[in-house]
Amino acid sequence: MCGIVGYVGQKSVASVLLVGLEKLEYRGYDSAGIALVNSNELTVTKAKGRIAHLERALRLKNINGTIGIGHTRWATHGEPSQTNAHPHVNTDGTIAVVHNGIIENYLSLMEELIGKGYVFASETDTEVIPHLVDMYLKEVSSVQEAFRKSIARLEGKYAIAMVTEKEPEKIFFVRNGSPLILAEATDVNGEQELFLASDAPAFIPLAKKVYYLKNGEWGYLNHGLHLFNDKDVRIEPDLQDLKIDVGQVLLGEFEHYMLKEIHEQPDIVQKILTERITEDNKIRFDELELKPEFLAGVGRFIIQASGTSLNAGRIAKLYFENFANVTTDADYSSEFRYRNPVAGGDTVVIGISQSGETADTLAGIYEARSKFLKVLSFVNNVNSTIARESDGIIDLFAGPEIGVASTKAYIAEVLNLLLFSIYLAEIRFMMDESEKIEILNQLKKLPDQMRKVLTHTAKIHELAEKLKEKTSVLFLGRTYNFATALEGALKLKEISYIHAEGYAAGEFKHGPIALISEDVPVIVVAPKGEMRTKMISNLQEVKARKGQVIAVVSENDSELAGLADKVLEIPETPEFISSLLTILPLQLLSYHTALKRGCDVDKPRNLAKSVTVE
Ligand code: AGP
């Protein structure tokens, strides 16, 4: 989704904005642009494609400024092009606006403006904003009033920043549904610097104190943060310490964020276990606002999420049923929000979201609240919209995830959901202390087990060499590893662009078996456990039809090693924990296959890190 940055300060504004936009590249984009104001003159530079193209265009212009805004665009209305790139300006080019989200009533506004003689240059919804401000400036005395009147006309979800020659010292902003963060810092000369951005990594390492705007809040940056609530009452921002350190956002010795984040997973698991399990083996969720007494009485959980987060939710469904003995559904947010879930007052809706901004998951939460259902959300950003709209939140503790393909957030989601299901089992007297301690002891082995799996890169490279030419791959798994099959397929398809499908292995004979040929590799996830023998039958069905089988197996499983063409091993662990290990070789396999196909691993085509539009 689009990224917004803004800066007021003594540094070279163009370079601060470009660096900020680069830090937001992971959000996904297809064009970029910046607007600079220098001695009352506004200049706008835009380019299709990567930020490097914008950088070249700026160098050719050799311009700079003391204040500016920037934007990376992920096309919603209008194709990716220089014309449709932000910032968008009014007719005389004295007002420039960047925007994230969707103006749902832009057509009627456009009609009104065209009727008043305004001419539109782009195909975007955004362009109505500078023309609205221009129109109101003919009626009111200040830019502030004109801006306020303009945003009052907008319907939909948006984050907006605006600069204008008419008040060249100010950046105007508003947040309504799409995240926008303010920050301030002091430069080496003791001068104040002011920032705004869609996400905190854009400020790193310049800013230390941040303020996450709430819906309806607006204002301007100019010698301080001038902030108003949705009733236009001046408010003081409650600045918080920025909890993200540079190391978490910078690549370090890794070539890509995805690889860095894959290798961070053992440490993330260690951190979660440390945060969540006390010395005396109590499981704790300090940030959880929902009381144990309430949770003990919940009759049904409905998990709703998207993409990778729903794959984690599918595993959680089994955890909740098997450990806490509570009815649990798991559904796509985009389906749940249109369902009639026939939910009683004892139902809790669970949202799972790394970004905390996924539009469909947020819509599912609003739907739940419209039915007066309590909402508990597992999020990686506790300042996100989903976090704010939930009755209770559980922090994933995964740290910022920059790679578009989710890896460490997935592991953090599965582990936090597993710990939460054990917590639920305890408060519902469904699990005794010895069983809980046995599980926790198994979990404490995970970080080292994961590190061991992540060293098997030679075999991964060999398999990636074979996969890179394929046009279709099938992934099969059962129960806890059905989600692994789905997640492994999602990873491969979204970064290597190879068609890949995850299937419940029990469904294999109900259709997918027709796909089997020498050209369609089948990846079967078959660790030791209840499902292993059934997975062997699936494997043999593939071999009988000359299919190639790659099996993810427990170490020293000689029988499976003899049956499969290739095996990827994981340390032995209970089947319900194996999902936290079986996904690792599949993450690496998708990463290396994508690399061998020359794909942009961190910024796959057409994808965004957070799908904040429906
Ligand atoms: C996963 O690799 C994808 N990037 C995508 O499916 C993602 O999981 C989905 O969009 C949900 O995002 P969220 O967790 O931020 O809500």
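Residues numbered from 1 in each chain as written. Predicted model: local features only at pLDDT ≥ 70, side-chain atom pairs only at ≥ 80, totals over all residues. Heavy atoms only, no water.

## Some details on the site of the ligand
Around the ligand sit 14 residues in total, of which Ser 309, Ser 353, Ser 355, Thr 358 and Glu 494 are the nearest. Between an oxygen atom of the ligand and a side-chain N or O atom of Ser 309, the distance comes to 2.6 Å. Contact between the ligand and Gln 354: an oxygen atom at 2.8 Å from a main-chain N or O atom of the residue. Taking 410 Å² as the accessible area of the ligand by itself, protein coverage stands at 92%. Put simply, the parts of the chain that give the shell around the ligand at least two residues each are helix H9 (307-324) and helix H17 (482-496). Looking at side-chain class alone, the shell around the ligand contains 3 nonpolar, 9 polar and 2 charged residues. (Near = heavy atom within 4 Å. Polar contact = N/O pair within 3.5 Å; in protein donor to acceptor, adjacent residues only side chain to side chain. Areas by Shrake-Rupley, 256 points an atom, 1.4 Å probe, with all protein chains shown as cover. Helix = DSSP H or I, 4+ residues; strand = E, 2+ residues; numbered from the N terminus. Nonpolar A, V, L, I, M, F, W, Y, C, P; charged D, E, K, R; others polar.)

## With respect to the packing of aromatic side chains
For any two aromatic rings, the description comes down to two numbers: the centre-to-centre distance and the angle of the planes. All told, the structure shown has 16 aromatic pairs when counted by the stated rule. Ring centres of Phe 147 and Trp 218 lie 6.5 Å apart, and the angle between their planes is 45°; on these two criteria the pair is classed as tilted. With Phe 147 in helix H5 (residues 143-152) and Trp 218 in strand E12 (residues 218-221), the pair connects residues that are 71 residues apart, well separated along the chain. Taken as a pair, Phe 147 and Trp 218 share a single burial class, namely buried. Ring centres 5.6 Å apart and planes at 75° place the aromatic pair Phe 285 and Phe 420 in the edge-to-face group. Here the residue Phe 285 occupies a position in the loop between helix H7 (257-276) and helix H8 (292-296), and Phe 420 occupies one in helix H13 (residues 408-427), the gap between them amounting to 135 residues. Neither residue differs from the other here; Phe 285 and Phe 420 are each classed as buried. Here a set of aromatic residues connected by ring pairs shows up, and it is made of Phe 285, Phe 301, Phe 320, Phe 378, Phe 420 and Tyr 423. Geometry around Tyr 220 places Lys 170 over its ring, the cationic atom sitting 4.3 Å from the centre. (Phe/Tyr/Trp six-rings, centres within 6.5 Å; stacked < 30°, edge-to-face > 60°. Buried < 20%, exposed > 50% of the residue type's maximum accessible area, 1.4 Å probe, protein only. Lys NZ or Arg CZ within 6 Å of the ring centre and 35° of its normal.)

## Here we look at the sheet that holds strand E20 (residues 392-395)
Spatial strand order, E17-E16-E18-E19-E20: 5 strands in an open sheet with parallel pairing. Bordering the open sheet on either side are strand E17 (327-332) and E20, each of which pairs with just one other strand. Averaged over neighbouring strand pairs, the angle between their axes works out to 20° when direction is ignored. As judged from the 6 bridges shared by strand E16 (residues 300-305) and strand E18 (residues 347-353), these two strands associate in the parallel manner. What sits directly across from Ala 305, in E18, is Ile 352. Most of the contacts of H9 go to E17, to which it runs at about 170°, and overall it touches E16, E17 and E18. (Pairing = 2+ DSSP bridges. Axes fitted to C-alpha atoms, helices over the stretch in contact; angles between N-to-C directions. Contact = heavy atoms within 4.5 Å.)

## Here's the deal with the packing of H7 against helix H15 (residues 446-453)
Contact pair H7 / H15: the axes reach a minimum separation of 8 Å and the direction vectors enclose 175°. Of the possible angle classes, the one that applies to H7 and H15 is roughly antiparallel. Packed against H7, whose contacting residues are Gln 265, Pro 266, Asp 267, Val 269, Gln 270 and Leu 273, the element H15 presents Leu 446, Pro 447, Met 450 and Arg 451 at the interface. Here the residues of the contact of H7 with H15 are counted per class, giving 6 nonpolar, 2 polar and 2 charged. (Parallel < 35°, antiparallel > 145°, perpendicular 65-115°, else oblique.)

## A short note on the side chain of Gln 587
With respect to the helices and strands, the residue Gln 587 is situated in helix H20 (residues 575-596). Residue Gln 587 is classed as buried on the basis of its relative accessible area of 0%. Among the polar contacts made by the side chain of Gln 587, one reaches the side chain of Gln 265 at a distance of 2.7 Å. Filtering out sequence-adjacent residues up to four positions away, Gln 587 remains in contact with Met 258, Ile 262, Gln 265, Thr 407 and Ile 411.

## So, the packing of H15 against H20
Where H15 meets H20, the closest approach of the two axes is 9 Å, and the angle between their N-to-C directions is 25°. When the interaxial angle is binned, H15 and H20 end up roughly parallel. When the axes of H15 and H20 are compared, the crossing they make is right-handed. Between H15 and H20, the residues in contact are Leu 446, Gln 449, Met 450 and Val 453 and Ile 577, Leu 580, Leu 581, Leu 584 and Pro 585, respectively. Considered class by class, the residues forming the contact of H15 with H20 number 8 nonpolar, 1 polar and no charged. (Left-handed = near helix turned anticlockwise from the far one by under 90°.)

## Focus: the sheet that holds strand E23 (residues 522-526)
Overall, parallel pairing links the 5 strands, which are arranged E22-E21-E23-E24-E25 in an open sheet. In this open sheet, the two strands that pair with only one neighbour each are strand E22 (499-504) and strand E25 (566-570). On average, adjacent strands in this sheet sit at an angle of 20° to one another, irrespective of strand direction. Contacts from helix H16 (residues 457-467) reach strand E21 (472-477), strand E24 (549-554) and E25 within the one sheet, and its direction differs from that of E25 by about 140°.

## Some remarks on the pairing of E23
For E23, a buried count of 5 out of 5 residues is recorded, marking the element as mostly surrounded by other parts of the structure. In the sheet, E21 pairs with E23 via 3 bridges, with the strands oriented parallel. Across the sheet, the residue bridging to Leu 474 is Val 522, located in E23. Here E23 runs beside E24; their pairing, made up of 5 bridges, is parallel.

## Some points on the pattern of salt bridges
Taken as a whole and judged by the stated rule, the model has 37 salt bridges. Note that Arg 284 and Asp 286 form a salt bridge whose closest N and O atoms lie 3.4 Å from each other. The class for Arg 284 is partly exposed, based on a relative accessible area of 34%. Judged by its relative accessible area of 61%, Asp 286 falls in the exposed class. A salt bridge links Arg 339 to Asp 329; the shortest N-O distance between them is 3.9 Å. Of the two residues, Arg 339 is situated in the loop between helix H10 (333-336) and E18 and Asp 329 in strand E17; the sequence distance between them amounts to 10 residues. With a relative accessible area of 28%, Arg 339 lands in the partly exposed category. The network of salt bridges with common partners includes Arg 300, Asp 329, Asp 331 and Arg 339. (Salt bridge = Lys/Arg side-chain N within 4 Å of Asp/Glu carboxyl O.)

Structural measurements only, silent on function.
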